[in-house]
Amino acid sequence: MTPVVMPSYGRTDIAFEYGEGVYLFSTNGDRYLDFASGIAVNALGHKHPRLVKALADQSKKLWHVSNLYKIPEQEELARKLVSASFADTVFFCNSGAESVEAGIKLIRKYHSDIGHSERYRIISFDGSFHGRTLSTIAAAKNRAHVSGFGPMPDGFDQASFGNIQTLRDKITDQTAGIIVEPIQGEGGVRPSTQEFLESLRKLCDEYDLLLFFDEVQTGVGRTGKLFAYENFGVKPDVMSLAKGLGGGIPVAACLATEKAAVGITPGTHGSTFGGNPLSMAVANEVIDIMAEDGFLDNIRNCGKLLFDHLVKFSKTNSGIIETVRGCGLMIGLKCIMPVADFVEACRKEGLLTVPAGDNVMRLLPPLIINENHIDECIKMMTRACERILSE
Ligand SMILES: *Cc1c(COP(=O)(O)O)cnc(C)c1O
């Protein structure tokens with residue numbers, strides 16, 4: 001029989017009833033340490049009192065009015081994002097893929113408006129992930145995501161992640177921009193090198209290409225800076241945000257410089273739900289909390305502590321884990337055994353994690369964790385390894 005929910009996900013047989021901070025409680029009463037955060041979404045954990053209040057307060061005032069009117073909560077959030085970043089202007093939407101689409105359209109429109117509509121092609125990288133719409137799967141070119149969904153929209157070329165020479169060879173008179181995740185997420189927590197991002201910036205300046213950082217996963221505090229690009233000191237022209245931005249409420253944003261957004265005038269792009277007062281109220285609170293003294297420091301400190309523990313752990317469990325990589329609280333463990341089995345063993349010990357490409361297990365805890373949660377995570381992983389070795 002056809003399942004009533006389309007089976008596009010292979011789901012684990014657990015349902016959760018409620019969450020509290022870094023913990024989730026299942027319908028059958030089990031407690032889990034949530035180092036998955038709904039795939040880097042619940043950046044402030046579950047049921048954060050200030051987010052609950054922001055949502056409740058706004059819910060009693062106004063939910064939605066449409067972008068036909070001024071939305072002060074949007075302007076407030078846009079001002080905060082602009083003052084904290086390279087950007088001059090922001091477009092609000094509802095999901096990561098949508099914010100990437102907005103960025104792709106911006107790049108094409110820029111070249112078209114300066115008289116170069118022949119420049120529409122965007123270079124992406126192998127191992128990348130940009131969402132599940134037609135153009136975002138066409139950009140990432142992951143065979144499993146593309147297969148059966150053709151024909152793909154034209155306009156995407158691919159180079160090898162981290163390799164400047166193959167990239168140079170792909171640049172033609174039709175190239176408009178380059179899209180890259182500063183640290184690949186779904187691809188298996190693969191960080192760019194400083195040198196690679198610097199070279200991308202130089203190439204973009206040389207050929208008047210727009211540089212697009214997809215920070216849907218890395219953005220909003222995840223790597224210990226508000227935006228991951230700050231770790232590298234390389235600024236993009238366009239940037240997408242989503243996952244952590246609403247702390248669990250669907251909201252996304254495409255940020256751009258004045259130059260890159262030149263083509264966006266009334267009627268050129270839009271979203272019915274994008275930037276509604278309800279999601280804006282929560283996202284404003286998320287950004288305010290992250291701007292407070294010590295918030296990002298805690299991510300960096302906990303990230304370093306967790307990373308060091310994991311390196312030790314990988315050495316004592318060298319038959320299971322090959323390497324540890326990542327930045328801040330976005331950490332990947334490249335596994336030797338199939339990653340799905342290790343994720344399952346951890347879950348049986350009460351630890352939730354997320355599998356990624358390249359046989360990597362991702363740890364994406366809420367950004368509010370402390371040392372105790374790290375100790376608990378390591379203990380659970382140790383028991384998971386014992387479980388595996390005893391089986
Ligand atoms: C998750 C993700 C997306 C897609 O976000 P959706 O909200 O699922 O559309 C795009 N880019 C990156 C880097 C992501 O991690």
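Quick notes on the side chain of Asn-284
Thought 1: You can see Asn-284 is positioned in helix H10 (residues 277-291).
Thought 2: Of note is the side chain of Asn-284, whose polar atom sits 2.7 Å from the side chain of Lys-80.
Thought 3: Excluding residues within four positions of it along the chain, Asn-284 makes contact with Glu-73, Glu-76, Leu-77 and Lys-80.

Observations concerning the site of the ligand
Thought 1: The ligand sits among Ser-95, Gly-96, Ala-97, Phe-129, His-130, Gly-131, Glu-181, Asp-214, Val-216, Gln-217 and Lys-243.
Thought 2: In the environment of the ligand, an oxygen atom lies 2.7 Å from a nitrogen or oxygen atom belonging to the backbone of Ala-97.
Thought 3: For the ligand, an oxygen atom lies 2.6 Å from a polar atom in the side chain of Lys-243.
Thought 4: Compared with its free state, where it exposes 390 Å², the ligand has 82% of that area covered by protein.
Thought 5: Across the shell around the ligand, the residue classes tally to 3 nonpolar, 5 polar and 3 charged.

Quick word on the sheet that holds strand S12 (residues 252-256)
Thought 1: Strand order across the open sheet formed by 7 strands is S4-S12-S11-S10-S7-S5-S6, with mixed pairing between neighbours. Strand pairing shows two members of the sheet lacking a second neighbour, strand S4 (89-93) and strand S6 (156-159), which therefore form its edges. Within this sheet the neighbouring strands show an average axis-to-axis angle of 20 degrees, counted without direction.
Thought 2: Judged from the 4 bridges that link them, strand S11 (residues 238-241) and S12 form a sheet pairing that is antiparallel. Counterpart to Ser-240 in the pairing with S12 is Cys-254.
Thought 3: Seen against the sheet, helix H3 (residues 72-83) touches S4, S11 and S12 and runs at an angle of roughly 125 degrees to S4.

Quick look at the sheet that holds strand S1 (residues 16-20)
Thought 1: One open sheet accounts for 4 strands, arranged S1-S2-S3-S15; its pairing is mixed. Only two strands of the sheet have a single partner each, and these edge strands are S1 and strand S15 (351-352).
Thought 2: Pairing analysis gives 4 bridges linking S1 to strand S2 (residues 23-26), with the strands arranged antiparallel. Along S2, the bridge assignment pairs Phe-16 with Ser-26.

Section: the packing of aromatic side chains
Both the distance between ring centres and the angle between the ring planes are used here to describe each pair of aromatic rings.
Thought 1: By the definition in use, this model includes 7 aromatic pairs.
Thought 2: Plain terms: the ring middles of Phe-16 and Tyr-32 are 5.7 Å apart, the flat faces sit at 90 degrees to each other, and that makes the pair edge-to-face. In this pair, Phe-16 is assigned in strand S1 and Tyr-32 in strand S3 (residues 31-34), connecting sequence segments 16 residues apart.
Thought 3: The class of Phe-16 is partly exposed, set by a relative accessible area of 35%.
Thought 4: Consider the rings of Phe-86 and Tyr-229, whose centres lie 5.7 Å apart with planes at 80 degrees: the pair is edge-to-face.

Observations regarding H3
Thought 1: In this model H3 runs 17 Å from its N-terminal to its C-terminal C-alpha over 12 residues, within 8% of the 16 Å that 1.5 Å per residue would give.
Thought 2: If you follow the buried residues of H3, they end up packed against helix H2 (49-59), S4, S11, S12 and H10.

A look at helix H12 (residues 339-348)
Thought 1: Buried residues of H12: Val-339, Phe-342, Val-343, Ala-345 and Cys-346, and no others. Projection of H12 onto a plane perpendicular to its axis shows the buried side chains occupying an angular sector of 160 degrees, all on one side.
Thought 2: Trailing H12 by a residue or two, Gly-350 shows a phi angle of about 95 degrees, which is positive.

Comments concerning the packing of H12 against helix H13 (residues 371-390)
Thought 1: At a minimum axis separation of 8 Å, H12 and H13 run at an interaxial angle of 115 degrees. Between H12 and H13 lies a crossing of right-handed hand. Contact residues: Phe-342, Ala-345, Cys-346 and Lys-348 in H12; Met-381, Ala-384, Cys-385, Arg-387 and Ile-388 in H13.
Thought 2: A breakdown of the residues in the contact of H12 with H13 according to their chemical character gives 7 nonpolar, no polar and 2 charged.

Thoughts on the nonpolar core
Thought 1: Judged by nonpolar contacts, the single largest core of 95 residues is most densely connected at Leu-81, Leu-306, Phe-342, Met-361, Leu-363 and Met-381.
Thought 2: When residues of this core are assigned to their parent elements, the largest contribution, 8 residues, is made by H13.
Thought 3: Inspection of this core shows a minimum of three residues originating in each of domain 1 (16-34 + 294-390) and domain 2 (50-290).
Thought 4: Beyond its immediate sequence surroundings of up to four residues, Leu-363 is in contact with Phe-35, Leu-306, Leu-310, Leu-329, Met-330, Ile-331, Leu-333, Thr-353, Cys-377 and Met-381.
Thought 5: Formed by 23 residues, the second largest nonpolar core is a distinct cluster that contains Tyr-110, Val-238, Ala-242 and Ala-252.

Description of the domain arrangement of the protein
Thought 1: For the protein, the assigned domains are domain 1 (16-34 + 294-390) and domain 2 (50-290).
Thought 2: Each of domain 1 and domain 2 has a C-alpha centre, and the two are 28 Å apart.
Thought 3: Domain 1 puts 20 residues into the contact, and the matching count from domain 2 is 21 residues.
Thought 4: When domain 1 packs against domain 2, the two sides together hide about 1600 Å² of surface, and 63% of this comes from carbon and sulfur.
Thought 5: Residue Arg-362 pairs with Glu-186 through a salt bridge whose shortest N-O separation is 2.9 Å.
Thought 6: By residue number, the principal contributor to the side of domain 1 that touches domain 2 is helix H11 (residues 295-316), which donates 4 residues.

About the criteria used
Residues numbered from 1 in each chain as written. Predicted model: local features only at pLDDT ≥ 70, side-chain atom pairs only at ≥ 80, totals over all residues. Heavy atoms only, no water. Helix = DSSP H or I, 4+ residues; strand = E, 2+ residues; numbered from the N terminus. Polar contact = N/O pair within 3.5 Å; in protein donor to acceptor, adjacent residues only side chain to side chain. Contact = heavy atoms within 4.5 Å. Near = heavy atom within 4 Å. Areas by Shrake-Rupley, 256 points an atom, 1.4 Å probe, with all protein chains shown as cover. Nonpolar A, V, L, I, M, F, W, Y, C, P; charged D, E, K, R; others polar. Pairing = 2+ DSSP bridges. Axes fitted to C-alpha atoms, helices over the stretch in contact; angles between N-to-C directions. Phe/Tyr/Trp six-rings, centres within 6.5 Å; stacked < 30°, edge-to-face > 60°. Buried < 20%, exposed > 50% of the residue type's maximum accessible area, 1.4 Å probe, protein only. Expected span 1.5 Å × (residues − 1). Arc of directions from axis to C-beta. Left-handed = near helix turned anticlockwise from the far one by under 90°. Core = buried A, V, L, I, M, F, W, Y, C linked by side-chain atoms within 4.5 Å. Domains from an automatic or database assignment. Buried area = accessible area lost by both parts, 1.4 Å probe. Salt bridge = Lys/Arg side-chain N within 4 Å of Asp/Glu carboxyl O.

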